Amino acid sequence: MNRRFHLLGGASFSVLSVLVTSNADAQQALPTIDVGGARAAVRRGPAGHTAGGPGRVTTATPTPGPAQPAAPGFSPRKLALPVYRDPTGQTFTTIQGKNFDNMPLLSVREMLQYSPGVSFKQGNGPRDIVISIRGSSARNGFGVRNIVILEDGFSVTQPDGLSRTDLTDPHAYAAIDVYRGPSSALFGNFANGGAINFRTRSGAEIDGVQIGSEFGSYGYLNNFTSIGKKVGNVDIAIFASDVRGDGWTLHNRYDTQTVNATMRWQVTPDDLLTFKFIHNQLYADLSSRLSLNQYYLNPYQSGCYALTQLGATDPLGYLNRSLCGSSGVPLTGLNGTSGPFVQTTGYLAGFNRDDRRDVLGLRWEHNFDANTFWRTQVIYDDKNISQPTGNTAALQDEPAVNATTDITRLGSLAGFEARHFAGLYFNRTRYTSYTNNTLPIGNGATGAIQAKQNAMMQNLGARGREEVALSRDVTLVLGLATETTKIAAVQEQFTYRNSLGSSNFAQIATWQGIPVNKTYWNVGPEASVTWRVWPEFLTHFRASSGYGTPNPGQLFVNSQGRPGANTDLKTQRNNGIDIGFDWRPNETLLFSLTGFHEWYQNEQISQSPGAGLLNFTFNAPGSVHRGFESLADWRPFDGWKVLANYTYNNQIFTNFNEQLSAGGVNGYFNRAGNKIPNVAPHTATGRLGYDQPYGDYKGFGAFVEYVYQSSYFLDNGNVLTIPSYGLVNANVHFDRDLEFWPVKNFSAYFEVRNIFDKNWVASANNVTNTVALVNGLVVQNGYAQLAQNATGSIYAGNPRLFQGGVKFKF
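Reading guide: rules and limits
Residues numbered from 1 in each chain as written. Predicted model: local features only at pLDDT ≥ 70, side-chain atom pairs only at ≥ 80, totals over all residues. Heavy atoms only, no water. Helix = DSSP H or I, 4+ residues; strand = E, 2+ residues; numbered from the N terminus. Buried < 20%, exposed > 50% of the residue type's maximum accessible area, 1.4 Å probe, protein only. Contact = heavy atoms within 4.5 Å. Areas by Shrake-Rupley, 256 points an atom, 1.4 Å probe, with all protein chains shown as cover. 1 Å grid on protein atoms, 1.4 Å probe; cavity = no way out; pocket = protein on both sides within 12 Å on 5 of 7 lines; lining within 4 Å. Points joined across faces, edges and corners; volume = space filled by probe spheres on them. Nonpolar A, V, L, I, M, F, W, Y, C, P; charged D, E, K, R; others polar. Polar contact = N/O pair within 3.5 Å; in protein donor to acceptor, adjacent residues only side chain to side chain. Pairing = 2+ DSSP bridges. Core = buried A, V, L, I, M, F, W, Y, C linked by side-chain atoms within 4.5 Å. Phe/Tyr/Trp six-rings, centres within 6.5 Å; stacked < 30°, edge-to-face > 60°. Lys NZ or Arg CZ within 6 Å of the ring centre and 35° of its normal. Disulfide = S-S within 2.5 Å. Salt bridge = Lys/Arg side-chain N within 4 Å of Asp/Glu carboxyl O. Patch = residues over 30% accessible without salt bridge, like charges linked within 9 Å, V, L, I, M, F, W, Y side chains within 5 Å. pLDDT = per-residue confidence, 0-100.

### Re the overall build of the protein
Right, on to step 1. Summing up its helical and strand segments, the protein has 9 helices and 40 strands in all.
Right, on to step 2. Burial statistics for the protein: of 810 residues in total, 59% are counted as buried.
Right, on to step 3. Of the contacts made within the protein by residues no fewer than 6 positions apart, 68% connect residues no fewer than 24 positions apart.
Right, on to step 4. Total accessible area on the protein stands at roughly 30500 Å², and carbon and sulfur atoms take up 60% of it.

Following this line, the structure appears as structure tokens:
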């Protein structure tokens, strides 16, 4: 691996020596990819600071004659932003919220699907979207991993690497920045796939009060409001929403409230304070996930209120279990090797999530002088969960702290214009979690404790970055992060005497304590060259590294999906190359294309061993991720808009032997060359829309949208495939500014999703291949057995549904 990067380094510096001598007469820097049209002018906040982030007032003296272009990354707009906001050389896309003002928005998926390289799965709840960048979280059943998530620059990824999108109501956001590819040099641990920064609207942008309501099929209702104003040196923005619905699958009702507030106070011309507060309360019913055959027969689990307890050989029992997802739980709530076990449904057991999340952040930005800027922020993040989601329930309160400090200086390096950046960061969580058995009947009722985990995890690191303008058209970036991660934890595990009628019934039969004390040290380098070949054509070459350590939860779930030891899990690392270009021949067309190739060592793969069981994680020693991403944004005529993106993602194991057992005999299966499960090779999104720009019908508009995902494998043996889907959505809307005090603007919209009522898979967890002992040999079972018996995997996507909404601005 080191040899590969020495060769890359030598090649890149050979190219640099040629590029530095370029005398191209560029007239302007190409803007970063910005889905939704040309980038707006820089908004200046109090004392010259940019709204939504720290601004910088540059003091360059204008030169007479024609304006000289700044090198890539050195325009006044870029220098007015903190380094992380729009990093030079990064494969990066901004999704503008204005393109989604006139459509129903249940989750951030509706916005993020317009960034290339991003894919999705439905998690556990209405807005729990499993977001993947280049397949980074595709093996997860819930939440977001291997991506760092930020809100207005405040990290909402907890120290154990888990982020959840429950707290993200898409109506709150002005824009979303997507950073693709290994990004640990800038974002540290868990940035294997990249990062996402959700940016809320400032008070100046809201400038008043906006109220809205959305409603539609399956009981969907979202009431939301935005309040914002900039008064003097203070800018305040508050967003709140209340979302409810019944869901299209049996036992999928949800009810969630969100508050998202930001205040920016320019204390002095050189000091800016930013306060951040996020609160989310969620209650969501959860159905059991299905096998592939169950999905084909009964995708929305109609009639699955209870299961017959007749044997599997009984025709009625077999039919019942073939149509409904289920979980096997102990009748008495006591886990053990004997005693009555029953199959129950999510409806009968009342599986659910009852979670609360609170985030408090404070950032202080200080200008030492016109070229030196200091930024320090602290975050308190508390996640409190009660999740009886299968045959076990997770109960946990996880408070966390996160602190960063960094300094940026504009200057020179070896005679070249440069921007220097250095920072330190620290985050830590300490918590106690409980894993209880669930009961077959009740509203998530729980039985005896199965495991108790006391855990501490912390990350301490330093990062540095140099951006050097080698010429008017070429910029070199070098970055490095070094980080140490410490996990100290102990898990206690219990079994019980569960023979009914016994004198020692419910007494503890066994106790086991599993301690973990691990320290990981990682380094993440980055290097890129950005070359503006012509004013309209920008190219970039980037080599970077990402890393993600295990988290305490992964270390204590064994391959049977039960609490147990998995303490040999290793840090996953990926080293990657991006080569791409952005082409904007005029203000009406933007086209982008990026190819990537990433080498993984010890990639962490999570999969489900069966319905109701915990997902377990293991390391695949070697794998490769490669493909390309393209984006087009075209405005051919007044009012017409075409948005499209396509991603090709080819991921394979290069070194992985899987051990599976049958009848006490181990079998070993070479997976090298197999596709990595749960990664769709082809994904695409496109929209054709029209908005009347003038005249009596100004404000009327419509669009049609197409979303496609190809088939993919669900297992390491590449036996079971999920069918592809293509969905068509259509929208009509009206949006007009009014001269009718006190109403400033009115909008209304209506949308039909999945017009042709296609069945499609919204989420599928990886499944474990099964084997049988045949003539003393361990043989892998085929498609029929896996499709029938690999339960605990699939949630169906929405059927045809109708949604609409209205908004007023005062």
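### Quick word on empty space enclosed by the protein
Using a probe with the size of a water molecule, rolled over the atoms, empty space left in the structure can be pinpointed.
Right, on to step 1. One pass over the structure, following the stated rule, counts 12 cavities of 30 Å³ or more.
Right, on to step 2. Estimates place the volume of the second largest cavity at around 610 Å³.
Right, on to step 3. Contributing to the lining of the second largest cavity are 37 residues, with Leu-106, Gln-122, Trp-248, Trp-760 and Asn-798 lying nearest its centre.
Right, on to step 4. Put simply, the parts of the chain that give the lining of the second largest cavity at least two residues each are helix H3 (109-112), strand S3 (118-122), strand S13 (271-285), strand S31 (700-709), strand S34 (725-740), strand S35 (743-753), strand S39 (794-796) and strand S40 (801-809).
Right, on to step 5. For the lining of the second largest cavity, a count of residues per class yields 15 nonpolar, 15 polar and 7 charged.

### A word on the side chain of His-366
Right, on to step 1. Structurally, the position occupied by His-366 is in strand S16 (residues 352-369).
Right, on to step 2. A residue is classified by how much of its surface remains accessible, and His-366, at 19% relative accessible area, is buried.
Right, on to step 3. Separated by 3.4 Å, the side chain of His-366 and the backbone oxygen of Asp-270 make a polar contact.
Right, on to step 4. Apart from residues no more than four positions distant in its own chain, His-366 is found in contact with Asp-270, Asp-271, Thr-372, Phe-373 and Trp-374.

### Overview of the pairing of S40
Right, on to step 1. Note that strand S9 (residues 208-216) and S40 share 7 bridges and pair antiparallel. Of the residues in S40, the one forming a bridge with Gly-216 is Gln-803.
Right, on to step 2. As paired strands, S35 and S40 are joined by 9 bridges and run antiparallel to one another. Across the sheet, Val-752 pairs through a bridge with Phe-802, a residue of S40.

### A short note on the nonpolar core
Right, on to step 1. Ranked by size, the top nonpolar core spans 33 residues in total, and within it Leu-112, Ile-131, Ile-176, Ile-196 and Phe-198 carry the most contacts.
Right, on to step 2. For this core, the secondary-structure elements that each account for two or more residues are H3, S3, strand S4 (129-133), strand S5 (147-151), strand S7 (173-180) and strand S8 (194-200).
Right, on to step 3. In this structure Ile-196 touches Leu-112, Ile-131, Ile-133, Ile-147, Val-148, Ile-149, Leu-150, Ile-176, Asp-177 and Tyr-179, once residues within four positions along its chain are discounted.
Right, on to step 4. Leu-292, Val-761, Ala-790 and Ala-796 belong to the second largest nonpolar core, which has 17 residues in total.

### What about the packing of aromatic side chains?
Right, on to step 1. All told, the structure shown has 24 aromatic pairs when counted by the stated rule.
Right, on to step 2. Summarising the aromatic geometry, the rings of Phe-368 and Trp-374 are spaced 6.1 Å apart at their centres and angled 25° between planes, so their arrangement reads as stacked.
Right, on to step 3. Look at Phe-368 and you get partly exposed, because its relative accessible area is 48%.
Right, on to step 4. Given a relative accessible area of 26%, Trp-374 falls into the partly exposed group.
Right, on to step 5. Taking 6.3 Å as the distance between ring centres and 15° as the angle between the ring planes, the aromatic pair formed by Phe-750 and Phe-802 counts as stacked. A residue pair is termed long-range when its members are at least 10 positions apart, and Phe-750 in strand S35 and Phe-802 in strand S40 qualify at 52 residues.
Right, on to step 6. Since its relative accessible area comes to 39%, Phe-750 is described here as partly exposed.
Right, on to step 7. Its relative accessible area of 38% is what places Phe-802 among the partly exposed residues.
Right, on to step 8. Each member of the aromatic cluster is reached from another via a ring pair, and the members are Tyr-697, Phe-700, Phe-734, Phe-746, Phe-808 and Phe-810.
Right, on to step 9. We note Arg-134 situated over the ring of Phe-596; from NZ or CZ to the ring centre the distance is 4.2 Å.
Right, on to step 10. In this structure, Arg-363 packs its charged tip against the face of Phe-154, placed 4.4 Å from the ring centre.

### Brief notes about the state of the cysteines
Right, on to step 1. The full count for this structure, using the stated rule, is 1 disulfide.
Right, on to step 2. Paired by a disulfide, Cys-304 and Cys-324 hold their sulfur atoms 2.0 Å apart. Residues Cys-304 and Cys-324 share a disulfide whose torsion about the S-S bond is about -85°; that sign makes it left-handed. Separated by 20 residues along the polypeptide, Cys-304 in the loop between helix H6 (292-297) and helix H7 (315-323) and Cys-324 in the loop between H7 and strand S14 (327-330) bring together distant segments of the chain.
Right, on to step 3. Exposure remark for Cys-304: the relative accessible area of 2% places this residue in the buried category.

### Observations regarding the pattern of salt bridges
Right, on to step 1. Counted under the stated rule, the structure contains 38 salt bridges.
Right, on to step 2. In this structure, the salt-bridge partner of Glu-598 is Arg-134, at a minimum N-O distance of 3.0 Å. Highlighted residues: Glu-598 in strand S25 (residues 589-607) and Arg-134 in the loop between S4 and S5, separated in sequence by 464 residues.
Right, on to step 3. Residue classification places Arg-134 among the buried positions, given a relative accessible area of 2%.
Right, on to step 4. Taking the shortest distance from any N to any O, the salt bridge between Arg-357 and Asp-381 comes out at 2.7 Å. Remark: Asp-381 occurs in strand S17 (residues 372-388) and Arg-357 occurs in strand S16; sequence separation between them is 24 residues.
Right, on to step 5. Each of Asp-128, Arg-164, Asp-166, Arg-353 and Asp-355 takes part in one network of salt bridges that share partners.

### Things to note about a nonpolar patch on the surface
Right, on to step 1. A contiguous nonpolar surface patch, about 390 Å² in accessible area, is contributed by Trp-265, Val-267, Phe-275, Leu-362 and Val-378.
Right, on to step 2. Topologically, Trp-265 is positioned in strand S12 (residues 254-268).

### Digging into the confidence of the model for the protein
Right, on to step 1. Mean pLDDT over the protein works out to 89, with 89% of the residues at or above the 70 mark.
Right, on to step 2. Predicted confidence for residues 1-31 stays below pLDDT 50, and this span has 48 contacts to residues more than four positions away or in other chains.
Right, on to step 3. pLDDT under 50 marks residues 37-63. Its contacts with residues more than four places away, or in other chains, come to 61 contacts.

### A look at unusual backbone geometry
Right, on to step 1. Of note, the amide linkage connecting Trp-741 to Pro-742 takes the cis form, showing an omega dihedral of 5°.
Right, on to step 2. For Pro-742, the position within the fold is in the loop between S34 and S35.
Right, on to step 3. With a phi angle near 65°, Asn-146 is a residue other than glycine that sits in the positive phi range.
Right, on to step 4. Mapped onto the secondary structure, Asn-146 falls in the loop between S4 and S5.
Right, on to step 5. We classify Asn-146 as buried; its relative accessible area is 12%.

### Quick word on the pairing of strand S23 (residues 537-548)
Consecutive side chains along a regular strand alternate between the two faces of the sheet.
Right, on to step 1. Of all 12 residues making up S23, 11 are buried, and the element is well covered by its neighbours.
Right, on to step 2. Strand direction decides the pairing type here: strand S22 (residues 508-534) and S23, joined by 8 bridges, are antiparallel. Paired with Ser-528 across the strands is Arg-542, a residue of S23.
Right, on to step 3. Connecting S22 to the next strand, S23, in antiparallel fashion are 2 residues.
Right, on to step 4. Here S23 pairs with strand S24 (residues 572-586) via 12 bridges, running antiparallel. Bridge pairing in S24 places Gly-548 opposite Gln-572.

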